[in-house]
Amino acid sequence: MPESVAAVPFIVLAALAVGGAAMVILSRNVVHAAFWLLEVMMAVAGLFMLLSAGFLALVQMMVYAGAVSVLVLFTVMLTLRRREDAERPLDLSWSAGLIALGVFVAVGAAVVSFVPPAVMAPVRTPGVTEFGTQLFTQRALPFEIASVVLLIALVGAVWWAGGEDR
Amino acid sequence: MASWTLIVPEGLLLAGALVALFAEVLFPGGRRAGAWSGAAFAALAAAVSIAAGSGAALFGGQFAVDPATQVARTATLLLTSAFLVWLGGAGLERERVREFAALVLFASLGALLMAAARDWIVLLLALEAATMPAYVLMGFDRGDDRSLEGALKYFLLSMVASLLFLYGMSFVIGMSGSTLLAASRLQPGAVGVVAAAFVFAGLLAKLSAAPFQWWSPDAYAGAPAAAVAFVSSVPKIAGLFAFARVVAVLAPQTAATGPLLAAAAVASMLIGNLAAYPQTDVRRLMAYSGVAHAGYLLVGLATGTVAGTQAAVFYAIAYAVPSMGVMLVAAQYGATLDALRGLASRRPWVAWATALMLVSLVGVPPLAGFTGKLYLFTAAMRSGWVWLAVIAVVMSAVSAGFYLRIMRAMFFGTDESGEAPIAGSPASAAVVVACALAVIVVGVASSPLLAAITFAK
């Protein structure tokens, strides 16, 4: 397949991701912003597919597009009493823009100057089986720490959500 | 001893946290049983940490304890245990203790893992495990809007810091093709500088160093003083230690490290010491003092030498002990300067111990603060950062002013409130006095401790 044809899906997905991200900031309605966020997450899942990272694409769809965006919508639903509360003023401050521009320039310079090391690319894309084996053998320590982190989050959430002393 | 004993302290802390959560069921009638059992578990973990020594790497090199790590871990555990003894003695003003004790143990567990992490992913997760309990501790007064506001600010900034760190880390892993810290390779050019800058920015924010310091006074002033006592001191030892590890790996590969860290050091020292002056709330004052001390620590890291790193780890311990002690006094006897008026006549032992710790924070010989600063500033002079050392010395002298204000309130102020003196428990007063004694011991016996902080290569 010629380069130019292979680039088409990438360009489409990248445009969807960047445009959606801009719409998250620009849309006045919080609920609309949440749906644009969902669109960004799905576009990123597509980008993972292009990189043959099937498992990551699946996780992106299930965890981010599936769970996180529903969580965002639930939060919006539970915290807003009236329909009008979902509207917010468009707050575009210069300082935030400057910081964003600075980060863009820095990361852009980094990406442009990055030279991919030749030896690293594996012959075959590792699949879900290899990923799982790695996770439960070599990566057992970080995996266990992650579960402790989740336990901490649970204890904290229960504390804050709890009512008077029982 | 078998090498797996190295990770036993983590297991004990996890067990302690779970026991603390169910303490009221396990020990019926003991309202503060969670704190007491947690203190016992932490003390046991400290003993195991001393006995296990240092040794081979575990988990394929992702976790290792060298002599310096052992010192940092043992200090963290001893301080955790002391804090929980204090909590068992003094309790909290309105809230129950058991979740507090459990979260303190979780944070300590994260700190231990952070000190021993030799892998980027383990480091990131340990950092999260150490800071996530801190969000809840800072907002532990769940009925108080100011406490929750401070906790929210802390949470948001800390999350941004984590993301910066994660982003920089992903660049480093991409360049080196391995997640092990020791295998990190930075490419020359913009990508190496940007990756290092993101990693450092994340760690600076976690250390509450400038220019990421603005959250800490608000968060500390809203939080329960007991939470500030723990969050502002104990996890910083391991945080600084992990920072030192990362600097040791990245500094030789990019020339930007020294100037970046030196700039952050100067900004932290200036902002911290000057902004502390007008404060009347001890929590705000100690927040700015914490920013200033982060600046001194960065002086050591900016040198990029082994002596500077050793001195920074030593000073992190020499700072954590009195910082925790002073905040514990504030937690028990009142968090404003007015509330501390006349403490010397009501609680002479506590007042004298506090005075000693404040003097150590200024840096008066022969206390721990003095020897720590001496090591730091000599390391800076020897590696050519003379101007940085000069600023640090001047700013230490400036800091005497605001610490003395606390002392003046304790010794020369008279209690005008007419309220009955607050009852102090023997255990909590003993912890404060023990902190003061530790300041003397660390100061006098500084050379063996500094010699113990050796890094395995």
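Reading the values: the criteria
- Residues numbered from 1 in each chain as written.
- Chains lettered and ligands numbered in written order.
- Predicted model: local features only at pLDDT ≥ 70, side-chain atom pairs only at ≥ 80, totals over all residues.
- Heavy atoms only, no water.
- Helix = DSSP H or I, 4+ residues; strand = E, 2+ residues; numbered from the N terminus.
- Rg over C-alpha atoms; globule rule 2.2 N^0.38 Å.
- Buried < 20%, exposed > 50% of the residue type's maximum accessible area, 1.4 Å probe, protein only.
- Contact = heavy atoms within 4.5 Å.
- Areas by Shrake-Rupley, 256 points an atom, 1.4 Å probe, with all protein chains shown as cover.
- Lys, Arg positive; Asp, Glu negative; His and termini not counted.
- Charge placed at Lys NZ, Arg CZ, Asp CG, Glu CD.
- Patch = residues over 30% accessible without salt bridge, like charges linked within 9 Å, V, L, I, M, F, W, Y side chains within 5 Å.
- Salt bridge = Lys/Arg side-chain N within 4 Å of Asp/Glu carboxyl O.
- Axes fitted to C-alpha atoms, helices over the stretch in contact; angles between N-to-C directions.
- Parallel < 35°, antiparallel > 145°, perpendicular 65-115°, else oblique.
- Left-handed = near helix turned anticlockwise from the far one by under 90°.
- Nonpolar A, V, L, I, M, F, W, Y, C, P; charged D, E, K, R; others polar.
- Domains from an automatic or database assignment.
- Phe/Tyr/Trp six-rings, centres within 6.5 Å; stacked < 30°, edge-to-face > 60°.
- Lys NZ or Arg CZ within 6 Å of the ring centre and 35° of its normal.
- Core = buried A, V, L, I, M, F, W, Y, C linked by side-chain atoms within 4.5 Å.

**With respect to the overall build of chain B**
- Check the secondary structure of chain B and you find 20 helices and zero strands.
- The C-alpha atoms of chain B give 21 Å as radius of gyration, which agrees with the globular expectation for 457 residues (23 Å, within 12%).
- Judged by the C-alpha coordinates and their principal axes, chain B covers about 65 × 50 × 45 Å.
- Looking at chain B as a whole, 63% of its 457 residues qualify as buried.
- Expressed as a percentage of contacts within chain B between residues at least 6 apart in sequence, the contacts between residues at least 24 apart total 79%.
- Of the roughly 15,200 Å² of accessible surface on chain B, 70% is carried by carbon and sulfur atoms.
- Of the charged side chains in chain B, 24 are positive and 18 negative; the average position of the first set lies 8 Å away from that of the second.

**What to know about a nonpolar patch on the surface**
Residues and elements named next belong to chain A.
- Taken together, Met23, Ile25, Leu26, Trp36, Leu90 and Leu92 make up a surface patch of nonpolar side chains, about 550 Å² in accessible area.
- Residue contributions to the nonpolar patch peak at three residues, all from helix α1 (residues 3-26).
- Tracing the backbone through its elements, the reader meets Met23 in helix α1.
- According to the relative accessible area criterion, Met23 is partly exposed, its value standing at 31%.

**Some thoughts on the packing of helix α6 (residues 120-138) of chain B against helix α8 (residues 190-206) of chain B**
Residues and elements named next belong to chain B.
- Taken N-terminus to C-terminus, the directions of α6 and α8 make an angle of 25°; their axes are 12 Å apart at the nearest point. One way to sum up the angle between α6 and α8 is to call them roughly parallel. When the axes of α6 and α8 are compared, the crossing they make is left-handed. Across from Trp120, Leu127, Glu128, Thr131 and Tyr135 in α6, the residues of α8 making contact are Val199, Leu203 and Lys206.
- Residues that form the contact of α6 with α8 fall into these classes: five nonpolar, one polar and two charged.

**Observations regarding the pattern of salt bridges**
Residue and element names in this part refer to chain B.
- Following the criterion strictly, the structure yields eleven salt bridges over all chains and no others.
- One salt bridge connects Glu149 with Lys153, and the closest N-O pair in it is separated by 3.1 Å. Here Lys153 and Glu149 lie together in helix α7 (residues 145-176), a separation of four residues that amounts to about one turn.
- For Lys153, a relative accessible area of 27% corresponds to the partly exposed category.
- With a closest N to O distance of 2.8 Å, Asp218 and Lys153 form a salt bridge. One end of the pair, Asp218, is in helix α9 (residues 215-222); the other, Lys153, is in helix α7, with 65 residues separating them in the sequence.
- On the basis of relative accessible area, Asp218 is assigned to the partly exposed category, the value being 28%.
- By sharing partners, the salt bridges in this structure join Glu149, Lys153, Asp218 and Arg284 into a single network.

**Side note on the interface of chain B and chain A**
- Between chain B and chain A, the residue contacts involve 42 residues of the former and 31 residues of the latter.
- Counting the contacts that link chain B with chain A gives one salt bridge.
- For Asp119 of chain B, the salt bridge goes to Arg139 of chain A, with nearest N and O atoms at 3.5 Å.
- Looking at the side of chain B that touches chain A, the elements that each hand over two or more residues are α1 (8-21), α5 (98-116), α6, α7 and α8 of chain B.
- A total of ten residues in the side of chain B that touches chain A trace back to one element, the largest contributor, which is α6 of chain B.
- A per-class count over the side of chain B that touches chain A returns 29 nonpolar, seven polar and six charged.

**Considerations on the domain arrangement of chain A**
- Each domain of chain A was delimited in the assignment, giving domain 1 (1-85) and domain 2 (123-166).
- Inter-centroid distance (C-alpha atoms) of domain 1 of chain A to domain 2 of chain A is 24 Å.

**As for unusual backbone geometry**
Residues and elements named next belong to chain B.
- Here Ala210 and Pro211 are connected by a cis peptide whose omega angle stands at 0°.
- Its location among the elements puts Pro211 in the loop between α8 and α9.
- With an omega dihedral of 5°, the bond running from Pro365 to Pro366 counts as a cis peptide bond.
- Note on placement: Pro366 falls in the loop between α16 (348-362) and α17 (368-382).

**Observations concerning the packing of helix α14 (residues 306-333) of chain B against α17 of chain B**
Residue and element names in this part refer to chain B.
- α17 packs onto α14 with a crossing angle of 160° between their chain directions and a minimal axis gap of 8 Å. Relative to α17, the element α14 is oriented roughly antiparallel. Remark: the crossing between α14 and α17 carries left-handed chirality. Contacts from Ala307, Gly308, Ala311, Ala312, Phe314, Tyr315 and Ala318 in α14 reach Ala368, Gly369, Thr371, Gly372, Lys373, Tyr375, Leu376 and Ala379 in α17.
- The residue makeup of the contact of α14 with α17, split by class, is ten nonpolar, four polar and one charged.

**Observations concerning the packing of aromatic side chains**
- Per the stated rule, a full pass over the model turns up 24 aromatic pairs over all chains.
- The rings of Trp159 of chain A together with Phe83, Trp86, Phe100, Phe140 and Phe230 of chain B are connected pair by pair, giving a single aromatic cluster.
- Note that Arg142 of chain B overlies the ring of Trp159 of chain A, its terminal NZ or CZ placed 3.8 Å from the centroid.

**Some points on the nonpolar core**
- Counting 188 residues, the largest nonpolar core has Phe100, Trp120 and Phe243 of chain B as its most contacted members.
- With 18 residues, α14 of chain B is the largest single contributor of residues to this core.

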